[in-house]
Amino acid sequence: MDILDEGQCWLRLDEGYWKLRKLKALLPVVEQWVAERDPRVLGSNYWGICMDSPGENVVVNLTYDDGKQGGYEGEELLVNYYDVMEAFPELRQLFVDLELQPYLGKNSIGNWGIHRHCFNPTSRWNLVMLGEGNDGGAGIFFKNDEEGCYPTDPTYEYVVDYLEEGISLQEIERCSLETGRVFTIDTWNWHSHLTHDPDHKAVAWLMHFKFADSRDNVKDVIRNQEIWGWRKVLWRDTKQRKYRHGTHDA
């Protein structure tokens, strides 16, 4: 899996990589299956499933008032992580191959404001696949200038922080967004998801890499995709040769 572009807090991945193409094609099928069991996901602002945090099995709707985020409503989803993975073994295998945490979310709106979140301390970097509404948008990253206002390190529980009013942040970088692009970003770094869509629409499928608590570590996870891919090919070819020559193990 190649890295096409990068910054301090983000990496743009090769969306043509076969595992990512397979994942991208499968996700709408998964959503349709979920919607047949819980129609609320269609048209929702967010829905997600998580094996380790049942409270993250939710469907959410947000309201806006004059362009600002308003009311929040989250209700329990009628299916969970185990249901989905049992129904889609190919999705479960992709999560294993891509070294992803047992979490999947679909966010359908942008302009949430400045926030940060983290699956756990070993999974600061996520995997995000962009859908409609992202053309011309940006991922914007900030540095916290108010030392001591927020904890530096994430806890072991899934956590989301929204920046309080009155705290000044300095923008440090941004990346250009387009429909179909795939990124990994440091979600524990303060960031915002800008969209110019009049209805704030900005689809993003969200996952989290395991063992990715730093930029260097997430690069290792990405490089390992090809290393393990070649090992699997060599193992398969060696096994096939042994069978052809009658030297395979009983």
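Up top is the structure.
In this text, all values refer to a predicted model and were calculated from it rather than measured experimentally.

(A) Representation of the nonpolar core. Counting 40 residues, the largest nonpolar core has Leu23, Leu91 and Met207 as its most contacted members. Mapped by element, the contributors of at least two residues to this core are β2 (10–13), α1 (18–37), β3 (46–50), α2 (81–87), α3 (89–97), β8 (126–130), β14 (201–208) and α4 (215–244). Top element by residues in this core is α1. It accounts for 8 residues. Not counting residues within four places of it along the chain, the set of residues in contact with Met207 comprises Leu23, Leu27, Phe95, Leu100, Tyr103, Leu104, Asn126, Leu127 and Met129. By size, the runner-up hydrophobic cluster in this structure holds 17 residues, among which are Tyr46, Cys50, Val58 and Ala204.

(B) Main features of the packing of α1 against α3. For the pair α1 and α3, the least separation of the axes is 10 Å and the interaxial angle reads 140°. Here α3 runs oblique to α1, going by the angle between their axes. Every pair of crossing elements has a handedness; the one defined by α1 and α3 is left-handed. Residues Lys19, Lys22, Leu23, Leu26, Leu27 and Val30 of α1 lie in contact with α3, whose contacting residues are Glu90, Leu91, Leu94, Phe95 and Asp97. Tallied by class, residues from the contact of α1 with α3 come to 7 nonpolar, no polar and 4 charged.

(C) Seen up close, α1. Its 20 residues place the ends of α1 29 Å apart at the C-alpha level, agreeing with the 28 Å of an ideal helix rising 1.5 Å per residue. Residues Lys19, Leu20, Leu23, Leu26, Leu27, Val30, Glu31, Trp33, Val34 and Ala35 constitute the buried set of α1.

(D) Structural detail: the pattern of salt bridges. Applying the stated criterion to the full structure yields 13 salt bridges. Two residues, Lys106 and Glu31, come together in a salt bridge whose shortest N-O distance is 3.0 Å. Taken together, the residues span a long stretch of sequence, with Lys106 in strand β6 (residues 103–109) and Glu31 in helix α1 at a distance of 75 residues. For Lys106, a relative accessible area of 13% corresponds to the buried category. By relative accessible area, which is 11% here, Glu31 ends up buried. A salt bridge links Lys201 to Glu132; the nearest nitrogen and oxygen atoms lie 3.2 Å apart. Taken together, the residues span a long stretch of sequence, with Lys201 in strand β14 and Glu132 in the loop between β8 and β9 (138–144) at a distance of 69 residues. Taking relative accessible area as the criterion, Lys201 reaches 35% and is therefore assigned partly exposed. When its relative accessible area of 51% is taken as the criterion, Glu132 is described as exposed. Within the structure, one salt-bridge network assembled from shared partners comprises Glu6, Arg215 and Lys219.

(E) Examining the side chain of His200 more closely. Positionally, His200 belongs in the loop between β13 (191–194) and β14. Here Asn111 takes part through its side chain, which lies 2.9 Å from a polar atom of the side chain of His200.

(F) Quick peek at the packing of aromatic side chains. For the structure on display, the rule yields 6 aromatic pairs. Consider the rings of Tyr17 and Trp18, whose centres lie 6.4 Å apart with planes at 50°: the pair is tilted. Across the ring face of Trp188, the terminal group of Arg116 is positioned such that the distance to the ring centre comes to 3.7 Å.

(G) Quick peek at unusual backbone geometry. Here the phi dihedral of Glu99 falls at roughly 60°; this positive angle occurs in a residue that is not glycine. Summarising the element assignment, Glu99 is placed in the loop between α3 and β6. Overall, the relative accessible area of 19% leaves Glu99 in the buried class. The backbone of His200 sits at a positive phi, close to 65°, despite the residue not being glycine. With relative accessibility at 12%, the residue His200 sits in the buried group.

(H) Up close: the pairing of β2. Side-chain alternation along β2 places Trp10 and Arg12 on one buried face and Leu11 and Leu13 on a second face that is also buried. Between strand β1 (residues 3–6) and β2, which follow one another and run antiparallel, lie 3 residues.

(I) Local environment of α3. Within α3 the residues assigned to the buried category are Leu91, Leu94, Phe95 and Asp97. Projected down its long axis, α3 shows its buried positions confined to an angular sector of 165°, all on one face. Where α3 terminates, the next one or two residues include Glu99, which has phi positive at roughly 60°.

Cut-offs used in this document
Residues numbered from 1 in each chain as written. Predicted model: local features only at pLDDT ≥ 70, side-chain atom pairs only at ≥ 80, totals over all residues. Heavy atoms only, no water. Core = buried A, V, L, I, M, F, W, Y, C linked by side-chain atoms within 4.5 Å. Buried < 20%, exposed > 50% of the residue type's maximum accessible area, 1.4 Å probe, protein only. Helix = DSSP H or I, 4+ residues; strand = E, 2+ residues; numbered from the N terminus. Contact = heavy atoms within 4.5 Å. Axes fitted to C-alpha atoms, helices over the stretch in contact; angles between N-to-C directions. Parallel < 35°, antiparallel > 145°, perpendicular 65-115°, else oblique. Left-handed = near helix turned anticlockwise from the far one by under 90°. Nonpolar A, V, L, I, M, F, W, Y, C, P; charged D, E, K, R; others polar. Expected span 1.5 Å × (residues − 1). Salt bridge = Lys/Arg side-chain N within 4 Å of Asp/Glu carboxyl O. Polar contact = N/O pair within 3.5 Å; in protein donor to acceptor, adjacent residues only side chain to side chain. Phe/Tyr/Trp six-rings, centres within 6.5 Å; stacked < 30°, edge-to-face > 60°. Lys NZ or Arg CZ within 6 Å of the ring centre and 35° of its normal. Pairing = 2+ DSSP bridges. Arc of directions from axis to C-beta.

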